[in-house]
There are 2 protein chains.
Amino acid sequence: MLNSEIKAQLVSVLGDAHVRDDVESRITHSYDATPLYQSMPDGVVFPSTTQEVQDVLRIASKHHIPIVGRGSGSNLSADTVPVAGGLVMVMTRMNQILEIDKENLTATVQPGVYTQTLHEAVEKEGLFYPPDPSSMKISTLGGNIAECSGGLRGLKYGTTKDYVLGLEAVLANGQVLRTGGKLYKDVAGYDLTKLLIGSEGTLAIITEATLKLIPLPESRRALVAHYHDLDAAARTVSAIISDRILPCTLEFMDRKTIQVVEDYARIGLPKEMEAILLVEQDGPLEVVERDMERIRHIAETTGATHVEVARTEADGAQVMAARRNALSALARLRPTLILEDATVPRSRIADMVREINRIADEYNLQICTFGHAGDGNLHPTFLTDARDTEEIERVEKAFADIFEAAIRFGGTITGEHGVGLAKAPFLEWKVGAAGITVMKGIKHAFDPQGILNPGKIFTDQPRLRKENM
Amino acid sequence: MLNSEIKAQLVSVLGDAHVRDDVESRITHSYDATPLYQSMPDGVVFPSTTQEVQDVLRIASKHHIPIVGRGSGSNLSADTVPVAGGLVMVMTRMNQILEIDKENLTATVQPGVYTQTLHEAVEKEGLFYPPDPSSMKISTLGGNIAECSGGLRGLKYGTTKDYVLGLEAVLANGQVLRTGGKLYKDVAGYDLTKLLIGSEGTLAIITEATLKLIPLPESRRALVAHYHDLDAAARTVSAIISDRILPCTLEFMDRKTIQVVEDYARIGLPKEMEAILLVEQDGPLEVVERDMERIRHIAETTGATHVEVARTEADGAQVMAARRNALSALARLRPTLILEDATVPRSRIADMVREINRIADEYNLQICTFGHAGDGNLHPTFLTDARDTEEIERVEKAFADIFEAAIRFGGTITGEHGVGLAKAPFLEWKVGAAGITVMKGIKHAFDPQGILNPGKIFTDQPRLRKENM
């Protein structure tokens, strides 16, 4: 519950309806899409303007109250769990697309706009905003920016980072910071725009973003390739890239994932196969057709047992929808689903999948692996039960081994989900002691009191690596 | 001259030949490509390994000696002028392309590799590194990264920032920082890779970079469009983009630039025209041909008096070479050439060119304007004489007015040249007081003693804006 004096100050800024500290509001904002984490906030606030965000931050700053910015809470690193209590600041009332500028190919949006809402709005104008996290129906653009969301189209188009040109954000002390603009080139000092992207709400609260749009590709086509053999699938991925084709998506599912998705979606996926690849290309029709033929040929000559090019764009969309629903499909099997996103250079995908399977056997766990083969971003997904503490202990050990393997293969502990709470103990494995020191210095420069999303990214309890144990 | 004790320490690390404090070495490293700035260093060092860079930084750190990292010194913001004395650290001995990885589409390079050397090496493999600063024949990749160099292909392909996946850098205290990797997706903490890009040697010394490559476009074609009227040229730019075509280059030259370039290169540019646009598209042949036809049609219907599509790729290359040589051509006219790079949203280009011409008249100065119309990055170029102090005073007033106009049009004080010394007084106009505070905090986090390129980006003497005067 909020201290009555502070509550009165907040109400005077936001109005009574937008300051909540009833139990229902606090419980519903005590968790997010990440399993295993929950912590009660003292209250929940719903600002509707940048000025209101400033006023709330000034109050929070004065009273040292933690502030956790939140969109839809669909992140997978427990980034919006208020572990230090304080206020959850929900940005969903700031949900306007302010402008679609066709001359400069930009969109200016408030943070609470749903990702898919923006997709639909710009595609009507023949424009394209590529970042497509699997949560895009419900995720907000502010959340996407805070997490630097990726998605299926990362290989060809990059991630959220590549499409944010400018930001308005409010600092912990209530000052407004404006970065970038409708500019493709801007080197006026350090790149604060990119620094805020993926900063997980620990540096500032994003209140507006100017996004880069590109022309909508004219056409799109998909194919599915089936494999009896994991290595053959990896060879296809490597051969496509080495042949200098960049498909817009290049997705992988292992046997266990195929089985579950097919049981859920019933679209004819081959349940007896060791792996499938889903490949999609977009662009001018003649280029797409040529690329699909080349990819079909590459898949066949690198060991696919069967390759099928979707006859229509709609057929292709159905296959991709099945992939997008992999998480929902898997969620039916066991009470708790924990999705990881260790990422490796794409040439090491087969090594990584084999290592994940070995780790699953070692700890006697169910792991289904799918993900973005084209950019090496795999999602080994643990099917488990949060109530089984002994099994969860094994899950945590398995995680650590997966992160260690990813680092060993030249990869990272998180490709697109962020550090949050879940991976804070492992961050030093990737960035080293020097990296941690510098990052903590940056955090201090923005938020000397540490009121913005405390407890995230950094931890007092880093995990030792095996080699150091 | 170096203190003898410090010199002995440096010699013990680098060897006698690679520590210089003779007058010739100091003079030749007292300036860079930026006119009007010069300052003598105490010495010049030439490390050949990361370990040597670390050792030099430890010595510098212990004795509070300024360190100015330098590649070829081709930057245009006086970023490698050692205003606080100390050591210039020249990175040109670290000039190896360490790897071109065709499976992961990456190149790993040392900082002293020339930009064009990398272009040639990767293009032999059918791969492409798009950033193409006009200085690319002599500029180094380390310098490109420190400055976040742009170039002609920014509109379609982005700038250096978009092609650096990972860095090895040495901090002021001699610690090695490693960021990113052969990974398109990596959200492990704050994005230190992007933060170091464009940090102008003030945060760390870059010792290795992993760069992203893309498939080399199959073909390339150029056209030239002539205009009696500036607004018509701007209309063509807007119409191309609004028609959702992203050419790989979309360059602008005003009348004065055309005249000078034609006198120099003699390739048949129309000296009586008010403006020309040079437009180049690359990609699959059929797409390039279709786009060029569309662009020709757009140019004709928006007011071009004449449009000529280059018959061959070589013809197109000749036209683009003329544009790349604009600076050399202009340099023949007067003793001193000062190139600016105020940048505006591309929809404001005509407004900006008109404003530049008005300012030139107001201060009775010769300004030729050319630049990257597609991304709004203009290079108004002052033809002047550094020895004429009265004229230089007018030049400086005109600069300030140009920056003010760029900001007013939603632009920035520098699109691709960096802040350095030259624009430090104006940085606050773009990033605000909050931005300056945060940037200084970041600087402090990396380099608490302030030994890395002191005097750059930040200044104690910010300029007031007219509106505040």
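Criteria and thresholds
- The numbers attached to residues start from 1 for each chain and follow its sequence in the written order.
- Labels are handed out in written order, letters beginning with A for the chains and numbers beginning with 1 for the ligands.
- For this predicted model, a pLDDT threshold of at least 70 governs which residues receive local features, and a threshold of 80 or more governs which side-chain atom pairs are given and counted, while totals over whole chains, interfaces and linings are taken from all residues.
- Only heavy atoms go into the side-chain values, all of them from the structure, while hydrogens and water stay out.
- By definition, residues are in contact when any of their heavy atoms lie within 4.5 Å.
- When two components associate, each loses some accessible surface as probed by a 1.4 Å sphere; the sum of these losses over both components is called the buried area.
- Within this document, salt bridges are pairs made up of a side-chain nitrogen of Lys or Arg and a carboxyl oxygen of Asp or Glu, the two lying within 4 Å of each other.
- Here the rule is simple: two strands pair whenever DSSP picks up at least two bridges between them.
- Helical segments are the DSSP runs of H or I of at least four residues, strand segments are the runs of E of at least two, and each set is numbered from the N terminus.
- Every axis corresponds to a line fitted to the C-alpha atoms, with the helix fit spanning only the stretch in contact, and the corresponding angles, defined between N-to-C directions, vary from 0 to 180 degrees.
- UniProt positions are given in the numbering used here, feature names are shortened, and annotations may be inferred rather than shown by experiment.
- Classification of residues uses two cut-offs on accessible area relative to the type maximum, computed with a 1.4 Å probe and protein chains only: under 20% is buried, over 50% is exposed, and between them is partly exposed.
- Charged-residue counts in this description rest on Lys and Arg as positive and Asp and Glu as negative, His and the chain ends being excluded.
- By the criterion applied in these results, polar contacts are pairs of N or O atoms within 3.5 Å in which, for protein atoms, one can donate a hydrogen and the other can accept it, and in which residues neighboring in sequence qualify only through two side-chain atoms.
- The domain limits used here are those given by an automatic or database domain assignment.
- Put simply, Ala, Val, Leu, Ile, Met, Phe, Trp, Tyr, Cys and Pro go in the nonpolar bin, Asp, Glu, Lys and Arg in the charged bin, and everything else, Gly too, in the polar bin.

Re the interface of chain A and chain B
Logical step 1: Residue-level contacts link 83 residues of chain A with 83 residues of chain B.
Logical step 2: In total, about 6,600 Å² of surface goes out of reach between chain A and chain B, with carbon and sulfur atoms giving 62% of it.
Logical step 3: The interface formed by chain A and chain B holds ten salt bridges in total.
Logical step 4: Close ionic contact of Asp375 of chain B with Lys185 of chain A constitutes a salt bridge, the shortest N to O distance being 3.1 Å.

Remarks on the sheet that holds strand 12 (residues 219–227) of chain A
Residue and element names in this part refer to chain A.
Logical step 1: Taking strand neighbours across the sheet as the criterion, the seven strands line up as 15-12-14-13-17-18-16 in an open arrangement whose pairing is antiparallel. The sheet is open, and its two edges are formed by strand 15 (306–309) and strand 16 (336–339), each paired on a single side. The mean angle between the axes of side-by-side strands here comes to 15 degrees, regardless of whether they run parallel or antiparallel.
Logical step 2: Bridging between strand 16 and strand 18 (residues 377–384) involves four bridges; their strand directions are antiparallel. Paired with Ile338 across the two strands is Phe382, which belongs to strand 18.

A few points about the UniProt feature "domain: FAD-binding PCMH-type" (unreviewed entry) in chain A
Logical step 1: Per the UniProt record, "domain: FAD-binding PCMH-type" (unreviewed entry) is annotated on residues 37–216 of chain A.
Logical step 2: Along residues 37–216 of chain A, the helical share is 22% and the strand share 24%, with 39 Å between the first and last C-alpha atoms.

Brief notes about the side chain of Arg70 of chain A
All names here are of chain A.
Logical step 1: Here Arg70 is to be found in strand 3 (residues 67–70).
Logical step 2: Put simply, Arg70 is tucked away with no salt bridge, and the nearest opposite charge, on Asp32, sits 5.7 Å away.
Logical step 3: A polar contact of 2.8 Å, which involves the side chain of Arg70, links it to the backbone oxygen of Tyr31.
Logical step 4: With residues near it in sequence (within four places) discarded, Arg70 still touches Thr28, His29, Tyr31, Asp32, Thr80, Val88, Met89, Val90 and Met91.

Observations concerning the domain arrangement of chain A
All names here are of chain A.
Logical step 1: We note that the domain assignment places domain 1 (4–90), domain 2 (97–215), domain 3 (219–325) and domain 4 (334–468) within chain A.
Logical step 2: Taking only C-alpha atoms, the centre of domain 1 and the centre of domain 2 are 22 Å apart.
Logical step 3: Counting from both sides, the interface comprises 15 residues of domain 1 and, opposite them, 17 residues of domain 2.
Logical step 4: Area buried by domain 1 at its contact with domain 2 is led by Thr50, Leu57 and Asp79, which between them contribute 36% of it.
Logical step 5: Linking domain 1 with domain 2 are zero salt bridges, by the criterion used here.
Logical step 6: Counting the contacts that link domain 1 with domain 2 gives five residue pairs in polar contact (both at pLDDT 80 or more).
Logical step 7: Counting residues per element, the ones that place at least two in the side of domain 1 that touches domain 2 are helix 3 (50–63) and strand 3.
Logical step 8: Here the side of domain 1 that touches domain 2 takes six residues from helix 3, the largest share from any one element.
Logical step 9: Residue composition of the side of domain 1 that touches domain 2, grouped by class: four nonpolar, nine polar and two charged.

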